[in-house]
Amino acid sequence: MAKRVAIVGAGVSGLASIKCCLEEGLEPTCFERSDDLGGLWRFTEHVEEGRASLYKSVVSNSCKEMSCYSDFPFPEDYPNYVPNSQFLEYLKMYANHFDLLKHIQFKSKVCSVTKCSDFAVSGQWEVVTMHEEKQESAIFDAVMVCTGFLTNPYLPLDSFPGINAFKGQYFHSRQYKHPDIFKDKRVLVIGMGNSGTDIAVEASHLAEKVFLSTTGGGWVISRIFDSGYPWDMVFMTRFQNMLRNSLPTPIVTWLMERKINNWLNHANYGLIPEDRTQLKEFVLNDELPGRIITGKVFIRPSIKEVKENSVIFNNTSKEEPIDIIVFATGYTFAFPFLDESVVKVEDGQASLYKYIFPAHLQKPTLAIIGLIKPLGSMIPTGETQARWAVRVLKGVNKLPPPSVMIEEINARKENKPSWFGLCYCKALQSDYITYIDELLTYINAKPNLFSMLLMDPHLALIVFFGPCSPYQFRLTGPGKWEGARNAIMTQWDRTFKVIKARVVQESPSPFESFLKVFSFLALLVAIFLIFL
């Protein structure tokens, strides 16, 4: 049984891993190469090697009720979408509340993680670290890697003929911090992910002209969804997830397109994805349509050629003068402290069972936490991964035989369509609720709707039809949180508290009772169908 656990990285997943180890009676030691916790969410004016970098204006894409740790809600006076500075404060509150800091060794770079000579028997690892230019070595029973996947910028300059002749400035979005550099410049942003779109919008307030170049297009949605509610509190419900996964993929895709285009007709704005059979990661941006329609941002196709002071886009011969090019072309990931025989990265993915465990190891004592892109928040996803992983490391839960794990990994790599539900286009993308429920099942912590309906029908109604907030993952099983039910029942109160400063007396709706009865009956039908 693992006792001493090394954790690499003190970001959102690293902090959750420390806490999970402590809950299971293990002894965690977390190595953080920088001088503070927070990982991605800690803004610095300069890019730090080996650590994710963000720009000053970054705000969370998932609202506070959906992106908190499952037993630690955000303060109720926090905005629904949290600026990076407040997000970092929240992480520090979490670390202090659960007394995690004493388990973190700051300014400690992990140089290597290698199997001990008796690994086949002990499953132990030798971890070599560098602290203040002094190298140290220690033996651990298990290792949890929590370094994320946003540290190695992908900069495909070979795909842009003439870039070496460009006399202006160009850099990867990882280097971007403030929009001042764009003042009175003609700016080209390449890549229409969340970072590229954010940077283009910010630049448009100061630049002379801004172009946003996209090859495949993308689905742009607002953080503000139906009736002004946070998008993920509306979209991410168990009822909707069950409905989506029960319908043929073409129908689900059509319904999603129709819903998204109600806010913004993507074809009219030149944004519509070329491949609409597979779901691309949503681009969360509230301002982009307004910047396009007012002539502040111009959408363009891919680049044909870069010249000394201009670019030529595909499907046109016109040259556009450009001063600055920002490559928002994404990231690759690697584990430089691990040998390829332990974890090998190929085609943007690693061979990991349930995105966590290498399938071929003789002993399951290494876990990768947070190497996944769920259609939902990373914090509860990484936390749930850690809860299960720690119980596997401890020996409480067992993994299936290697042959079974390898077969599942290979099937996931092939990414064959199931013809039902959403079809994801990237290797690390996953259905948020389905994936978390699967992990919760392994630790007997998945909410039992049938039992809940008998014992607490009001809660069952909210759990099924309401937002699938992280508090649901603490209603039962190991790590059960006594405050989970109350957190679920009051989640909308916290959502509205910071925005509903002016209160107007509302008349009760005559249909309210009818809708409640209808919702209850729909829940009964849904549960009946589940247990058929």
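Residues numbered from 1 in each chain as written. Predicted model: local features only at pLDDT ≥ 70, side-chain atom pairs only at ≥ 80, totals over all residues. Heavy atoms only, no water.

Caption draft 1: Layout of the pattern of salt bridges. In this structure the tally under the stated criterion is 25 salt bridges. Across the salt bridge formed by Arg42 and Glu48, the nearest N and O atoms sit 3.4 Å from each other. Since its relative accessible area comes to 26%, Glu48 is described here as partly exposed. Residues Asp71 and Arg474 are paired through a salt bridge, measuring 3.9 Å at the closest nitrogen-oxygen approach. Note that Asp71 is positioned in the loop between β2 (27–32) and α2 (84–97) and Arg474 in the loop between α13 (457–465) and α14 (484–489), a separation of 403 residues in sequence. (Salt bridge = Lys/Arg side-chain N within 4 Å of Asp/Glu carboxyl O. Buried < 20%, exposed > 50% of the residue type's maximum accessible area, 1.4 Å probe, protein only. Helix = DSSP H or I, 4+ residues; strand = E, 2+ residues; numbered from the N terminus.)

Caption draft 2: Looking closely at the packing of helix α9 (residues 378–394) against helix α11 (residues 432–442). Here α9 crosses α11 at 20°, and the two axes come no closer than 9 Å. Judged by the inter-axis angle, α9 sits roughly parallel to α11. In this structure, α9 crosses over α11, and the sense of that crossing is left-handed. For the pair α9 and α11, the contacting residues are Pro380, Thr381, Thr384, Gln385, Arg387 and Trp388 in the first and Tyr432, Tyr435, Ile436, Leu439, Leu440 and Tyr442 in the second. Looking at side-chain class alone, the contact of α9 with α11 contains 8 nonpolar, 3 polar and 1 charged residues. (Axes fitted to C-alpha atoms, helices over the stretch in contact; angles between N-to-C directions. Parallel < 35°, antiparallel > 145°, perpendicular 65-115°, else oblique. Left-handed = near helix turned anticlockwise from the far one by under 90°. Contact = heavy atoms within 4.5 Å. Nonpolar A, V, L, I, M, F, W, Y, C, P; charged D, E, K, R; others polar.)

Caption draft 3: Representation of the environment of Ile7 within the structure. Mapping Ile7 onto the fold places it in strand β1 (residues 4–8). The exposure class of Ile7 is buried, given its relative accessible area of 0%. Ile7 sits 362 residues away from Ile369 along the chain, and the two C-alpha atoms are 9.8 Å apart. Ile7 has contacts with Gly14, Ser17, Ile18, Cys21, Pro28, Thr29, Cys30, Phe31, Met144 and Cys146, leaving out every residue within four places of it along the chain.

Caption draft 4: How the structure looks around the packing of helix α1 (residues 12–23) against α2. Packing of α1 against α2 leaves a shortest axis separation of 11 Å and a crossing angle of 15°. With respect to α2, the axis of α1 lies roughly parallel. The crossing of α1 and α2 is left-handed. Residues Val12, Leu15, Ala16 and Lys19 of α1 pack against Leu91, Tyr94 and Ala95 of α2. By residue class, the composition of the contact of α1 with α2 is 6 nonpolar, no polar and 1 charged.

Caption draft 5: Up close: the nonpolar core. Within the largest apolar cluster, 143 residues are counted, with the highest numbers of intra-cluster contacts made by Met144 and Phe282. Counting residues per element, this core draws most heavily on α9, at 7 residues. Once residues within four sequence positions are removed from consideration, Met144 is found in contact with Val5, Ala6, Ile7, Val8, Ser17, Cys21, Ala367, Ile369, Ala386, Ala389, Val390 and Leu393. One finds Phe160, Leu188, Ile303 and Phe313 within the second-largest nonpolar core, a separate group that totals 13 residues. (Core = buried A, V, L, I, M, F, W, Y, C linked by side-chain atoms within 4.5 Å.)

Caption draft 6: Main features of the domain arrangement of the chain. Each assigned domain of the chain is listed here: domain 1 (4–151 + 332–434), domain 2 (154–330) and domain 3 (447–493). One C-alpha centre belongs to domain 1, the other to domain 3, and the line joining them spans 26 Å. If you look at the interface, domain 1 gives 15 residues, while domain 3 gives 11 residues. Among the residues domain 1 hides against domain 3, the three largest losses belong to Glu65, Ser70 and Arg387. Together they make up 42% of the total. (Domains from an automatic or database assignment. Buried area = accessible area lost by both parts, 1.4 Å probe.)

Caption draft 7: Main features of the packing of aromatic side chains. Counted by the stated rule, this structure contains 35 aromatic pairs. Here the aromatic rings of Tyr55 and Tyr176 are separated by 5.5 Å at their centres, their planes lie at 55°, and the arrangement is tilted. With a gap of 121 residues between them, Tyr55 in the loop between β2 and α2 and Tyr176 in the loop between β9 (169–172) and β10 (186–190) connect regions that are remote in the sequence. We note that Tyr55, like Tyr176, is buried. Look at Phe211 and Phe298: their rings are 5.9 Å apart centre to centre, the planes differ by 40°, and that puts the pair in the tilted class. Placement of Phe211 in strand β11 (residues 209–213) and of Phe298 in strand β14 (residues 297–300) is noted, with a sequence separation of 87 residues between them. Among the residues examined, Phe298 registers a relative accessible area of 26% and is labelled partly exposed. Through a chain of ring-to-ring contacts, three or more aromatic side chains come together here, namely Trp41, Tyr69, Phe72, Phe74, Tyr78, Phe87, Tyr90, Tyr94 and Phe98. In this structure, Arg223 is placed above the aromatic ring of Tyr81, and the distance from its NZ or CZ to the ring centre is 5.9 Å. (Phe/Tyr/Trp six-rings, centres within 6.5 Å; stacked < 30°, edge-to-face > 60°. Lys NZ or Arg CZ within 6 Å of the ring centre and 35° of its normal.)

Caption draft 8: Region of interest: the sheet that holds β1. Within the open sheet, the 5 strands sit side by side as β3-β2-β1-β7-β24. Their pairing is parallel. A single partner strand is all that each edge strand has here, and the edge strands are β3 (104–106) and β24 (366–368). Pairwise comparison of adjacent strand axes, ignoring direction, gives a mean angle of 20° for this sheet. Sheet analysis places β1 next to strand β7 (residues 142–145), joined by 4 bridges and oriented parallel. Bridge assignment links Ala6 to a residue of β7, and that residue is Val143. Contacting β7 and β24, α9 crosses the sheet at an angle of about 165° to β7. (Pairing = 2+ DSSP bridges.)

Caption draft 9: Structural view of unusual backbone geometry. One non-glycine residue with positive phi stands out, namely Lys354, at about 55°. Inspection of the secondary structure assignment puts Lys354 in the loop between β22 (352–353) and β23 (357–358). Within the chain, Asn444 stands out as a residue other than glycine whose phi angle is a positive 55°. Looking at the secondary structure, you find Asn444 in the loop between α11 and α12 (449–455).

Caption draft 10: Representation of a nonpolar patch on the surface. Where nonpolar side chains cluster on the molecular surface, the patch consists of Val517, Phe520, Leu521 and Leu524 and spans about 330 Å² of accessible area. For Val517, the position within the fold is in helix α16 (residues 512–530). (Patch = residues over 30% accessible without salt bridge, like charges linked within 9 Å, V, L, I, M, F, W, Y side chains within 5 Å. Areas by Shrake-Rupley, 256 points an atom, 1.4 Å probe, with all protein chains shown as cover.)

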